[in-house]
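Chain by chain, the residues run as shown.
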Amino acid sequence: MLDSKYLRDNLDAAEARLATRGQGAYLAAFRDLDSRRRELLGEAEGLKAEKNRVSAVIGQTKDKSQVAGEIVRMKEVSGRIKTLDDTLKEVEAELDLLLLTVPNLPHEEAPVGADESANREVKRWGTPAEFAFAAKPHWELGEALGILDFERAGKLAGARFALSFGAGARLERALIGFMLDLHSERHGYTEVLPPFMVNRATMTGTGQLPKFESDLFHLDDPDYFLIPTAEVPVTNIYRDEIIAAAQLPIRFTAYTPCFRKEAGSYGKDTRGLIRQHQFNKVELVKFVRPEESDLELASLLADAETVLQQLELPYRVVDLCTGDIGFSAARTFDIEVWLPGQATYREISSCSNFRDFQARRASIRFRREEGAKPEFVHTLNGSGLAVGRTLVAILENYQQADGSVLVPTVLRPYMGGLERITPRK
RNA sequence: GGAGAGGUGGCCGAGUCGGUCGAAGGCGCUCGCCUGCUAAGCGAGUGAACGGGGUCAACCCGUUCCGAGGGUUCGAAUCCCUCCCUCUCCGCCA
């Protein structure tokens, strides 16, 4: 959510900045709604002040017959206040909805461009392996090894679900443990295990609602949503709180399953684990002082990259352009892992600085010092990493000519010492 | 699911038959005084949002906030309704 006070004075600049996302006129109705709100508020508050003053006098008057006229007059004033308040409520609801549906201002250093073709590759790490045979996609490897079963998953739930067995299931668990240990033991994050279902206020705090409800799995009774990422519950941990400055920066890492409808992606990535309704992810979330958020994004990105480096998986880093950055983010770096089976880089992590956009929605503030005015923190998050896609990358990058798959060295302790995945009997 | 209790300021905790309550008191915290140090003691202060004014700031004024939303009333933390949450007991259950 953008700052109304800022918008009041910088509407054109804000609109121009938003236009770099690819569509403009987000704020067309702002000026009018905002001035109407202040007008109504001024009148209503003036009448309330009078009502309070007169009511106090009435209260002190023993003989109410002396103030009968005032009582009648205040009855009218109250009626007028009620009318004004009702109108005000409507205007504020419109204004809130407007502000809740305007995306974040892109960071001034983000590349400007309309779509992903304008994204800037900023780094490559590792060298894609040369195979002496035709590299297979992970779904073929996984099914041949008996560790992935998409057909039966379809029977159980439907398309875009997976079922894994044996070393496949264990590899998924190993990756979760490995990532959580790495981030909590070496990168200074506190592990947290949040609820996997949340309420509307929580979904609104991080920006999923009100605009993207159709992407979410929803439970009717009670009115809950399945989380699409741990970012949602973890960022909302401090909703409506004022954090002591000494606690900042706060860094959390969390494993959760993620649930996404993937509406509008029909026909894309229909095979394999790449695009699922349910997938596992280890997330990194930070709450920091505003002046630190750019540096904290760099270190968060580095923390996510470390996972791939330890797993010895080649990847590249892409600085997303203004047209490709998500709704709530100001700046985003994607990490894309090399997938030999598809001979392409695929997103495996997305690391973003949201600045005060989520903090303002969720009212997450901090106080620099005793007595100082509360300020909004900056929030950041990134995948560290998407576990299902990491498993995909391991299967495809570590595949052998005989169809077996080597287990990355750092994962072997998490796999009971297993060095190679061979067909399940 | 059944029965009961309760939700007040950073925390604990008062709020009488509705009236001058942003809210007694205590703790905590901040500043000052005092004290070899510490502790104790003394004094003062101590929430947020929105709007207006301003030497545009550390200032002033107004409004709102006593779980949330509605209602009654000139006036509600105090009365009524709905919802949410917490706790206790029973049942059930990982």
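Residues numbered from 1 in each chain as written. Chains lettered and ligands numbered in written order. Predicted model: local features only at pLDDT ≥ 70, side-chain atom pairs only at ≥ 80, totals over all residues. Heavy atoms only, no water.

(A) Spatial organisation of the overall build of chain A. A tally of regular secondary structure across chain A gives 11 helices and 16 strands. Each principal axis of the C-alpha atoms in chain A carries an extent, and together these give about 100 × 45 × 45 Å. Split into buried and exposed, the 425 residues of chain A put 49% on the buried side. Put simply, 73% of the contacts in chain A that link residues at least 6 apart link residues at least 24 apart. (Helix = DSSP H or I, 4+ residues; strand = E, 2+ residues; numbered from the N terminus. Buried < 20%, exposed > 50% of the residue type's maximum accessible area, 1.4 Å probe, protein only. Contact = heavy atoms within 4.5 Å.)

(B) Focus on the protein's contact with RNA strand B. Taken together, the neighbourhood of RNA strand B is formed by 25 residues, with Arg8, Arg37, Lys75, Ser78 and Lys89 sitting nearest. Each atom of RNA strand B within 4 Å of the protein was classed as base or backbone; sugar and phosphate made up 74%. In this structure, a phosphate oxygen belonging to RNA strand B sits 2.7 Å away from a side-chain N or O atom of arginine 8. One nitrogen or oxygen atom from the side chain of lysine 82 is found 3.1 Å from a phosphate oxygen belonging to RNA strand B. Elements represented by at least two residues in the surface near RNA strand B include exactly helix 1 (4-19), helix 2 (30-60), helix 3 (68-101) and strand 12 (364-367). Ranked by the residues each element gives to the surface near RNA strand B, the list is headed by helix 2, at 11 residues. The residue inventory of the surface near RNA strand B, partitioned by class, reads six nonpolar, five polar and 14 charged. (Near = heavy atom within 4 Å. Polar contact = N/O pair within 3.5 Å; in protein donor to acceptor, adjacent residues only side chain to side chain. Nonpolar A, V, L, I, M, F, W, Y, C, P; charged D, E, K, R; others polar.)

(C) Focus on the side chain of serine 404. Within the secondary structure, serine 404 is located in the loop between helix 11 (387-397) and strand 15 (405-406). Look at serine 404 and you get buried, because its relative accessible area is 2%. Among the polar contacts made by the side chain of serine 404, one reaches the side chain of aspartate 402 at a distance of 2.6 Å. Discounting chain neighbours no more than four positions away, the residues touching serine 404 are Leu145, Tyr398, Gln399, Arg420, Ile421 and Thr422.

(D) How the structure looks around the nonpolar core. One finds Leu175 and Ile394 to be the most contacted residues of the largest nonpolar core, which totals 50 residues. The leading source of residues in this core is helix 6 (residues 166-186), at eight residues. Setting aside residues no more than four positions away along its own chain, leucine 175 makes contact with Leu311, Val387, Thr390, Leu391, Ile394 and Leu411. By size, the runner-up hydrophobic cluster in this structure holds 30 residues, among which are Leu2, Leu84, Leu88 and Leu100. (Core = buried A, V, L, I, M, F, W, Y, C linked by side-chain atoms within 4.5 Å.)

(E) Representation of the environment of phenylalanine 178 within the structure. As for its position among the elements, phenylalanine 178 is in helix 6. Sequence separation of phenylalanine 178 and arginine 17 is 161 residues, and the distance between their C-alpha atoms is 40 Å.

(F) Examining the domain arrangement of chain A more closely. Segmentation of chain A into domains returns domain 1 (28-101) and domain 2 (116-421). Centre-to-centre separation of domain 1 and domain 2, based on C-alpha positions: 49 Å. (Domains from an automatic or database assignment.)

(G) Quick peek at the layout of surface pockets. Put simply, the second largest pocket is a space of about 350 Å³. Lining the second largest pocket are 17 residues, with Ala162, Leu163, Glu172, Gln278 and Asn280 positioned closest to its centre. Among the elements that make up the lining of the second largest pocket, the one with the highest residue count is strand 8 (residues 278-288) (three residues). (1 Å grid on protein atoms, 1.4 Å probe; cavity = no way out; pocket = protein on both sides within 12 Å on 5 of 7 lines; lining within 4 Å. Points joined across faces, edges and corners; volume = space filled by probe spheres on them.)

(H) Representation of the sheet that holds strand 12 within the structure. One open sheet accounts for three strands, arranged 6-12-13; its pairing is mixed. The two strands at the open ends of the sheet, each matched to only one other strand, are strand 6 (241-244) and strand 13 (375-376). (Pairing = 2+ DSSP bridges.)

(I) Spatial organisation of the pattern of salt bridges. Here the structure, examined in full by the defined rule, presents 31 salt bridges. Across the pair glutamate 50 and arginine 73 runs a salt bridge, and its minimum N-O distance is 2.8 Å. Here arginine 73 lies in helix 3 and glutamate 50 lies in helix 2, a separation of 23 residues in the sequence. Of the charged contacts in the structure, one is a salt bridge between glutamate 291 and arginine 368, with a shortest N-O distance of 3.1 Å. In this pair, glutamate 291 is assigned in the loop between strand 8 and helix 9 (293-311) and arginine 368 in the loop between strand 12 and strand 13, connecting sequence segments 77 residues apart. (Salt bridge = Lys/Arg side-chain N within 4 Å of Asp/Glu carboxyl O.)

(J) Representation of helix 4 (residues 138-145) in the model. Of the residues making up helix 4, those classed as buried are His138, Trp139, Leu141, Gly142 and Leu145. When helix 4 is viewed along its axis, its buried side chains cluster within an angular range of 160° and face the same direction. Within two residues after helix 4, glycine 146 carries a phi angle of roughly 75°, on the positive side. (Arc of directions from axis to C-beta.)

(K) Broad picture of the sheet that holds strand 7 (residues 250-259). Reading across from one edge, 1-9-10-11-14-8-7-2 is the order of the eight strands in this open sheet, with mixed pairing throughout. In the strand order of this sheet, the two ends are held by strand 1 (120-125) and strand 2 (190-191), each with one partner. The pairing of strand 8 with strand 14 (residues 378-386) spans seven bridges and is classified as antiparallel. Each bridged residue has a counterpart across the sheet, and for valine 285 the counterpart in strand 14 is asparagine 381. Set on the sheet, helix 9 makes contact with strand 1, strand 7, strand 8, strand 9 (315-319), strand 10 (331-339), strand 11 (344-355) and strand 14; between it and strand 14 the angle comes to about 10°. In this fold helix 11 packs onto strand 8, strand 10, strand 11 and strand 14, with an angle of close to 35° to the strand it touches most, strand 14. (Axes fitted to C-alpha atoms, helices over the stretch in contact; angles between N-to-C directions.)

(L) Up close: the packing of helix 6 against helix 11. Where helix 6 contacts helix 11, the axes come no closer than 10 Å and their chain directions differ by 115°. Note on packing geometry: the crossing formed by helix 6 with helix 11 is right-handed. In contact with Gly168, Leu171, Glu172, Leu175, Ile176 and Met179 of helix 6, helix 11 contributes Val387, Gly388, Thr390, Leu391 and Ile394. When the residues that make up the contact of helix 6 with helix 11 are grouped by side-chain class, the tally is seven nonpolar, three polar and one charged. (Left-handed = near helix turned anticlockwise from the far one by under 90°.)

(M) Layout of helix 11. Burial of helix 11 is extensive: 11 of the 11 residues sit out of reach of the surface. Considered for burial, the residues of helix 11 that qualify are Val387, Gly388, Arg389, Thr390, Leu391, Val392, Ala393, Ile394, Leu395, Glu396 and Asn397.

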